[in-house]
Amino acid sequence: MILVETVAGMKALSRGWKRAGKSVGFVPTMGYLHEGHLSLVRESKTRADVTVVSIFVNPTQFGPNEDLDKYPRDLAKDSAYLERAGVDVLYHPPAAEVYPPGYRTYVEVEGLQDRLCGRSRPGHFRGVATVVLKLFETVGPDLAFFGAKDAQQVLIIERMARDLDLGVEVVTCPLVREPDGLALSSRNAYLSPEERQAALALSIGLRWAERAVAAGERDPAKVVAGIRAVLEAEPLARIDYVEAVDPGTLEPVAEMRGPVLVAVAAFVGPTRLIDNVRIAV
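Rules used throughout
- Residues numbered from 1 in each chain as written.
- Predicted model: local features only at pLDDT ≥ 70, side-chain atom pairs only at ≥ 80, totals over all residues.
- Heavy atoms only, no water.
- Helix = DSSP H or I, 4+ residues; strand = E, 2+ residues; numbered from the N terminus.
- Pairing = 2+ DSSP bridges.
- Axes fitted to C-alpha atoms, helices over the stretch in contact; angles between N-to-C directions.
- 1 Å grid on protein atoms, 1.4 Å probe; cavity = no way out; pocket = protein on both sides within 12 Å on 5 of 7 lines; lining within 4 Å.
- Points joined across faces, edges and corners; volume = space filled by probe spheres on them.
- Salt bridge = Lys/Arg side-chain N within 4 Å of Asp/Glu carboxyl O.
- Expected span 1.5 Å × (residues − 1).
- Buried < 20%, exposed > 50% of the residue type's maximum accessible area, 1.4 Å probe, protein only.
- Contact = heavy atoms within 4.5 Å.
- Right-handed = clockwise from strand over helix to strand, strands pointing away.

Draft legend 1. Layout of unusual backbone geometry. The backbone of Leu 116 shows a phi angle near 45°, a positive value even though the residue is not glycine. Mapped onto the elements, Leu 116 comes out in the loop between α4 (95-98) and α5 (117-120). Even without being a glycine, Leu 250 presents a positive backbone phi close to 65°. Summarising the element assignment, Leu 250 is placed in the loop between β7 (237-245) and β8 (259-268).

Listed below in structure tokens is the structure:
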């Protein structure tokens, strides 16, 4: 596995692969890798000749009171994981390489970036879209792989790729959970044992919603209320939002018909977690 830390170095490799007719798969991450990330790597390796993983804790997607400084990092451990997984290149640039002095250009995806997580994290998706565009331009992927846990993020990146004619196929891979249902997240590392148990309320609420719809419930307000009741029964959890939305527009749905994205964000202790399920009726 090759470690690359500069834009110029990454672009030079990508140009060489393109000249050789090789397809490039790309998995952008912020590191502190888990099985969810590795599932994206495996999918890339089945679909592309070369797989690149980036590790970059992107400062522009963190708000002033968020966890940029304490976001978990372990480059040595991550590198070992990626080496064993057969990754060809780890792209790990410093922040000054991605955002040099005087940087002032940002990407916004209107109508999608201010809903759900965007309401409680203003500017977050502007930072996400900007860094992903820059990474796409540097790595030059044919395919880019993202996890379904970040459903809003994936939708925004898909829209950006289409609107800006980037020529990158955005591939959504299944959400990966622990055996007890907790969605995998690098931020799970923040949880105490008691908070880890309390965090199960997110997936328990979503499973309740699936059962309710399967039993015939079609009122999204009742589905949302049922999930909220599960979360409110957990003393360590504090709800950010619970919504049932159209998975293509993130607009609230009037009825649980067709595919519906049921999305949850909650604080467990000080840690903000997200989860979702797509329910098809």
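After presenting the structure, the write-up continues.
Draft legend 2. Structural detail: the sheet that holds β8. The antiparallel open sheet is built from three strands, whose spatial order is β7-β8-β9. The sheet is open, and its two edges are formed by β7 and β9 (271-280), each paired on a single side. On average, each strand axis in the sheet is inclined to that of its neighbour by 15°, with strand direction left out of account. Inspection of the sheet shows β7 paired to β8 by eight bridges, in the antiparallel sense. Bridge pairing in β8 places Ala 244 opposite Val 262.

Draft legend 3. How the structure looks around empty space enclosed by the protein. Scanning the model with the defined rule gives one cavity of 30 Å³ or more in all. Of the volumes computed, that of the largest cavity is approximately 70 Å³. Every residue along the wall of the largest cavity is listed here: Lys 149, Leu 182, Ala 183, Ser 185, Asn 188, Ala 199, Leu 202, Leu 273, Ile 274 and Asp 275. Looking at the lining of the largest cavity, the element that brings in the most residues is β9, giving three residues.

Draft legend 4. View of the pattern of salt bridges. The final tally for this structure, using the stated rule, is 14 salt bridges. Glu 243 serves as the salt-bridge partner of Arg 119, at 2.0 Å between the closest nitrogen and oxygen. Here Glu 243 lies in strand β7 and Arg 119 lies in helix α5, a separation of 124 residues in the sequence. Salt-bridge contacts for Asp 240 lead to Arg 272; the nearest nitrogen and oxygen are separated by 3.0 Å. Highlighted residues: Asp 240 in strand β7 and Arg 272 in strand β9, separated in sequence by 32 residues. Where salt bridges share partners, they join Glu 43, Arg 47 and Glu 169 into one cluster.

Draft legend 5. Region of interest: the sheet that holds strand β5 (residues 143-147). As summarised here, the arrangement of the six strands in space is β1-β4-β3-β2-β5-β6, forming an open sheet in which the pairing is parallel. Each end of this open sheet is capped by a strand with a single partner; those strands are β1 (2-4) and β6 (169-173). Direction aside, neighbouring strands of the sheet carry axes that sit 25° apart on average. Strand direction decides the pairing type here: strand β2 (residues 24-29) and β5, joined by two bridges, are parallel. Note on β5: the bridge partner recorded for Phe 26 is Ala 144.

Draft legend 6. Here's a closer look at helix α9 (residues 200-214). Here α9 is 15 residues long and its end C-alpha atoms lie 21 Å apart, about the 21 Å a rise of 1.5 Å per residue gives. Three or more residues of α9 are buried, namely Leu 200, Ala 201, Leu 202, Ser 203, Gly 205, Leu 206, Ala 209, Ala 212 and Val 213. On its buried face, α9 sits against α8 (193-198), α10 (220-232), β8 and β9. Trailing α9 by a residue or two, Gly 216 shows a phi angle of about 115°, which is positive.

Draft legend 7. Fine view of the pairing of β6. Across five bridges, the pairing between β5 and β6 is parallel. Paired with Phe 146 across the strands is Thr 172, a residue of β6. Of the crossover connections in this fold, the one passing from β5 over helix α7 (residues 151-163) to the parallel β6 is right-handed.

Distances and angles like these do not, on their own, reveal function.
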